[in-house]
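Topology and contacts: notes
Listed below, chain by chain, are the residues.
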Amino acid sequence: MKQLVLLFFIGLLAIQCTKTNQKKEPVTGTVAENAMVVSARKEASNIGIEILKKGGNAFDAMIATELSLAVAYPFAGNIGGGGFMVFRTNNGETGALDYREKAPLAASKNMYLDEQDNIIPGKSTLGAMAIGVPGTIDGLFKVHEKFGSLPFSELIQPAIDLAYKGVAVTKKQENRLNKYRHYFLEVNKSPIIFDKHWKENDTIKYLALAKTLERIRDNGRDGFYKGETAEQLVKTVKILGGIITKEDLEKYKAIWRKPIEFTYKNLKIIAMSPPSSGGVCSAQIFKALEPFNIASLGHNSLKAIQLITEAERRAYADRSFYLGDPDFVKIPIDTLISTTYVSKRMANFSWEKATSSKDINHGNIIGYESDETTHYSIIDQFGNAISATTTLNGAYGSKVFVTEGGFLLNNEMDDFSSKPGEPNMFGLIGAEANSIKPEKRMLSSMTPTIVEKDNKLFMSLGSPGGSTIITSVMQTILNVYEFNLSMQEAVNAPRFHHQWLPDVITLEPKGFAKDLVLQLQEKGYQINQENSRIIGKVDAIKVLENGKLEGGADYRGDDAAVGY
């Protein structure tokens, strides 16, 4: 009998040990053999994949996806805004495209100030004076000219068909339209398509936008920057008191740029260069973290959050002073992202207490002379990768709607420093380097990023989120590389953000224990969690060890990963 009892308890112990030793199964995203597109809407991801299935490459799929987002995701997808793209071809060639908006020819440094040199509330964010010259369409034609393999007409047609067919309203879209509807009514002199109280599962047909896309299909770049569409845009802006002219549109040119490339341990990170601050800030943060064994600190632990916060604090302080449009200001990029410089910036970091942002200014360089975007990532069957972030800036941009053309216009002018030292809509402080000048590109936080590991393609990722884009992308890379999370787990993980000023760590509402928050506060960190918003919506792709692709589509939106 004693032997039976002993065997029973041994059996129970074995079962308990087995349960204890069981590893938690990782949450994996969509996995595909050949190619993948991850974007803010399933309709756009599906269209991108269909282009790849036809034999198109990542650049073809980029064009089709971006144009489809202009239909399916008017919150940020656009033809009236701009963006950035970073690429890596299958032979390792890298590059970047800047199709960021520009200040109109009639813009001036003090255009948003009153007679007492105070910022006029709302003038740079709402209405026709907030609009920069759009770059999206010129950017897509630049991509097609350099890398396209299928006819442009074939790449734009799915977006035209989608506009005629219509797109179902999601619950999140219903909420967004309800939230911002009063701005549409305030800004536009006549009714627009978004004035109606759309509800979940309603279908919105974008017939005017379909006609505009057809003009672009039939007339190329001039279908937007000249002729009927240009006239509609300029007429709308003028009626509403704006300053964009036909000459502004005709003169616009997207620019190929050299990306910011840097190493972090055995990773090579390829990110966007100025006028995006993404690459420089990312490099500074990663260089600050590199000397530490961050994996041993634990994911989202007290020490990990401390270390990352202090690195972010210093990078954003430098951002505010040094960064702007490289065609107008000299930027000491090599120094800013050097190990020596970053080490000096971190010299006063202490585990014992928070550094106060009022005690952190920009670094001194001897001899020296921006929430609502959308991101998509694509890796094709040939091994080419693109990472693209495009935006109208704020939600639905300036809220100005070109009714005859069927599209919204951006409010990117707010990303300039309306008055050096004063915050923009994302709380970011700017200096003279980012002041307003005609034809100048405004500073951005967009951070399309491609990562290599041991000289092989490893990840393509990016995010919307204004000033939180940089930190969202950085944390997602760390989640995969340092903390061994799957791509989907890395995207799902709770995020935090610090940007120098205001001197606050923003934590997402869920995922951070109360005792952790108390520990941070005891160290002297100010915490914003009660009024916190979503931090980023990362869309990412990871190349697995077996060569398959894992997509991470952010649950915070209606995002979707589609592969084949």
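Our structure's up above, just so we're on the same page.
My aim in this report is to walk through the structure given alongside it, one point at a time. If you're wondering where the values come from, they're calculated on a predicted model, not measured in any experiment.

What counts, and where the lines are drawn
Residues numbered from 1 in each chain as written. Predicted model: local features only at pLDDT ≥ 70, side-chain atom pairs only at ≥ 80, totals over all residues. Heavy atoms only, no water. Core = buried A, V, L, I, M, F, W, Y, C linked by side-chain atoms within 4.5 Å. Buried < 20%, exposed > 50% of the residue type's maximum accessible area, 1.4 Å probe, protein only. Helix = DSSP H or I, 4+ residues; strand = E, 2+ residues; numbered from the N terminus. Contact = heavy atoms within 4.5 Å. Pairing = 2+ DSSP bridges. Phe/Tyr/Trp six-rings, centres within 6.5 Å; stacked < 30°, edge-to-face > 60°. Lys NZ or Arg CZ within 6 Å of the ring centre and 35° of its normal. Axes fitted to C-alpha atoms, helices over the stretch in contact; angles between N-to-C directions. Parallel < 35°, antiparallel > 145°, perpendicular 65-115°, else oblique. Left-handed = near helix turned anticlockwise from the far one by under 90°. Nonpolar A, V, L, I, M, F, W, Y, C, P; charged D, E, K, R; others polar. Expected span 1.5 Å × (residues − 1).

Grouped together as the largest cluster of nonpolar side chains are 83 residues, with contacts concentrated most on Tyr264, Leu289, Ile477 and Leu478. Top contributing element to this core by residue count: helix H13 (residues 302–322), with nine residues. Setting aside its immediate chain neighbours within four residues, leucine 478 contacts Tyr264, Phe286, Leu289, Ile294, Ile308 and Phe483. Listed in part, the 82 residues of the second largest apolar core include Val37, Leu52, Leu392 and Phe407.

Checked against the element boundaries, phenylalanine 458 lands in strand S15 (residues 456–462). Separated by 76 residues in the primary sequence, phenylalanine 458 and phenylalanine 382 have C-alpha atoms spaced 14 Å apart. Setting aside anything within four residues of it in sequence, one finds phenylalanine 458 in contact with Leu267, Val451, Glu452, Lys453, Val480, Ile541, Lys542 and Val543.

Taking burial as the measure, the five residues of strand S14 (residues 449–453) include four buried ones, the bulk of the element. Looking at chain direction, strand S9 (residues 267–271) and S14 are connected through five bridges and run antiparallel. Pairing of leucine 267 across the sheet is with lysine 453, part of S14. Pairing analysis gives five bridges linking S14 to S15, with the strands arranged antiparallel. For lysine 453, the partnering residue across the bridge sits in S15 and is lysine 456. Between S14 and the antiparallel strand that follows it, S15, lie two residues; aspartate 454 among them carries a positive phi value of about 50 degrees.

With that settled, consider the packing of aromatic side chains. Scanning all chains against the criterion turns up 27 aromatic pairs. With a centroid separation of 6.2 Å and 35 degrees between ring planes, the pair formed by tyrosine 180 and tyrosine 183 is classed as tilted. Taken together, the positions of tyrosine 180 and tyrosine 183, both in helix H6 (residues 171–187) and three residues apart, correspond to about one turn of that helix. Judged by relative accessible area, tyrosine 180 falls into the buried class, the value being 14%. A centroid spacing of 6.1 Å and a plane angle of 5 degrees characterise the contact between tyrosine 225 and tyrosine 252, whose relative ring orientation is stacked. One end of the pair, tyrosine 225, is in helix H8 (residues 222–225); the other, tyrosine 252, is in the loop between helix H10 (246–251) and strand S7 (255–257), with 27 residues separating them in the sequence. Of the two residues examined, tyrosine 225 and tyrosine 252, each falls in the buried class. Put simply, the rings of Tyr73, Phe75, Tyr180, Tyr183, Phe184, Phe194, Tyr206, Tyr396 and Phe401 touch in pairs and so form one group of aromatic residues. Its guanidinium or amino end placed over the ring of phenylalanine 75, arginine 176 lies 4.7 Å from that ring's centre, counting from NZ or CZ. Lying across the ring of tyrosine 225, arginine 221 places its NZ or CZ 4.1 Å from the centre.

Our focus in this paragraph is the packing of H13 against helix H18 (residues 514–522). Each packed pair of helices is defined by two parameters, the angle between the axes and the distance between the axes. Contact geometry for H13 and H18: axes closest at 10 Å, N-to-C directions at 50 degrees. Judged by the angle between their axes, H13 and H18 are oblique. Pair H13 / H18 crosses with right-handed handedness. Residues Leu302, Ile305 and Gln306 of H13 form the contact with H18, whose own contacting residues are Leu516, Gln519 and Leu520. Classifying every residue of the contact of H13 with H18 gives four nonpolar, two polar and no charged.

All right, on to the packing of helix H2 (residues 42–53) against helix H5 (residues 152–165) then. The geometry of H2 relative to H5 is characterised by a closest axis approach of 11 Å and an angle of 150 degrees between their N-to-C directions. When the axes of H2 and H5 are compared, the pair comes out roughly antiparallel. Crossing angle aside, the handedness with which H2 passes H5 is right-handed. Across from Glu43, Ile47 and Ile51 in H2, the residues of H5 making contact are Glu154, Leu155, Pro158 and Leu162. Counted by class, the contact of H2 with H5 contains five nonpolar, no polar and two charged residues.

With that settled, consider helix H9 (residues 227–239). Its 13 residues give H9 an end-to-end C-alpha distance of 18 Å, which sits within 8% of 18 Å, the value for a rise of 1.5 Å per residue. Of all the positions in H9, only Thr229, Ala230, Gln232, Leu233, Val234, Thr236 and Val237 are classed as buried. Backbone geometry just after H9 places glycine 241 at a positive phi near 90 degrees.

Moving on, we get to the pairing of strand S2 (residues 36–39). Alternating residues of S2 divide into Met36 and Val38 and Val37 and Ser39, and every residue in both groups is buried. Here three bridges tie S2 to strand S10 (residues 373–379), and the two strands are oriented antiparallel to one another. Paired with valine 37 across the two strands is isoleucine 378, which belongs to S10.

Relative to the helices and strands, lysine 196 is located in the loop between H6 and strand S6 (203–204). Spatially, the C-alpha atom of lysine 196 lies 8.5 Å from that of arginine 181, the residues being 15 residues apart in sequence.

Put simply, proline 274 and proline 275 share a cis peptide bond, and its omega is 20 degrees. Looking at the secondary structure, you find proline 275 in the loop between S9 and helix H11 (278–289). Residue leucine 501 is joined to proline 502 through a cis peptide bond whose omega torsion reads -5 degrees. With respect to the secondary-structure elements, proline 502 resides in the loop between strand S16 (496–497) and strand S17 (505–507). Backbone geometry at asparagine 484 places phi at a positive 55 degrees, although glycine is not the residue there. Along the chain, the position of asparagine 484 falls in the loop between helix H16 (469–481) and helix H17 (487–492).

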